[in-house]
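Below are the chains, spelled out letter by letter.
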Amino acid sequence: QVRLVESGGGLVQAGVSLRLSCAASGRTASSYVMGWFRQAPGKEREFVAAISWISGSTYYADSVKGRFTISRDNAKNTLYLQMNSLKPEDTAVYYCAARLGYSVYVAAGVYDYWGQGTQVTVSS
């Protein structure tokens, strides 16, 4: 099994930045694809960004393109989400997820492993 633990969330003012981290442990492998999702109260879980661990290929939701950057640190086995120019509509619980594969996936249902989430609240 793969264990994922998110950190870095908090309460911030609109326009500032946060960096979320997702530490992976257990039966991790370079063949994994990892992604970030978010879920606001009363809404469905929403795709944010994904990355192929081996190639570094990335894909972003339109709502975060140009503001968020997904990256990984191979040595630390950690996934990051750099969030700039935060908006109130970015408020949600952010989850990291993983699945075996080499391509990026945007559907939450295809990911096998999930963290417990970290709350991001952006005030106006």
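S.K.: How would you explain the side chain of Glu6 if you had to name every residue and give the values?
M.R.: When you line up the elements, Glu6 lands in strand S1 (residues 2-7). Although Glu6 is buried, it makes no salt bridge; Arg45 carries the closest opposite charge, 7.5 Å away. A distance of 2.8 Å separates the side chain of Glu6 from the backbone nitrogen of Gly117, its partner in a polar contact. Ignoring anything within four residues of it in the chain, the contact list for Glu6 reads Ser21, Cys22, Trp36, Tyr94, Tyr95, Cys96, Gly115, Gln116, Gly117 and Thr118.

S.K.: Go over unusual backbone geometry with me, naming the residues and quoting the values.
M.R.: Positioned with a positive phi, Asn77 is a non-glycine residue whose angle comes to about 55°. Residue position: Asn77 is located in the loop between strand S7 (68-73) and strand S8 (78-83). The phi torsion at Ser85 lies on the positive side, around 50°, for a residue other than glycine. Looking at the element boundaries, Ser85 is found in the loop between S8 and strand S9 (92-100).

S.K.: Lay out the packing of aromatic side chains with the relevant residues and their values.
M.R.: Working definition: an aromatic ring pair is given by the centre-to-centre distance plus the angle between the planes. Within the structure shown, the criterion is met by seven aromatic pairs. A ring pair is formed by Phe37 and Phe47, whose centres lie 5.6 Å apart and whose planes are at 75°; its orientation type is edge-to-face. You can see Phe37 sitting in strand S4 (residues 32-39) and its partner Phe47 sitting in strand S5 (residues 46-52), a full ten residues away along the chain. You can call Phe37 buried: its relative accessible area is 1%. Feature note: the residues Phe37, Phe47, Tyr59, Tyr95, Tyr111 and Trp114 constitute an aromatic cluster, connected by ring pairs. For Arg45, the ring lying beneath its charged end belongs to Tyr95, and the centroid distance is 3.8 Å. Positioned over the ring face of Trp114 is Arg45, at 4.8 Å from the centre of the ring.

The rules behind these values
Residues numbered from 1 in each chain as written. Predicted model: local features only at pLDDT ≥ 70, side-chain atom pairs only at ≥ 80, totals over all residues. Heavy atoms only, no water. Helix = DSSP H or I, 4+ residues; strand = E, 2+ residues; numbered from the N terminus. Buried < 20%, exposed > 50% of the residue type's maximum accessible area, 1.4 Å probe, protein only. Lys, Arg positive; Asp, Glu negative; His and termini not counted. Salt bridge = Lys/Arg side-chain N within 4 Å of Asp/Glu carboxyl O. Polar contact = N/O pair within 3.5 Å; in protein donor to acceptor, adjacent residues only side chain to side chain. Contact = heavy atoms within 4.5 Å. Phe/Tyr/Trp six-rings, centres within 6.5 Å; stacked < 30°, edge-to-face > 60°. Lys NZ or Arg CZ within 6 Å of the ring centre and 35° of its normal.

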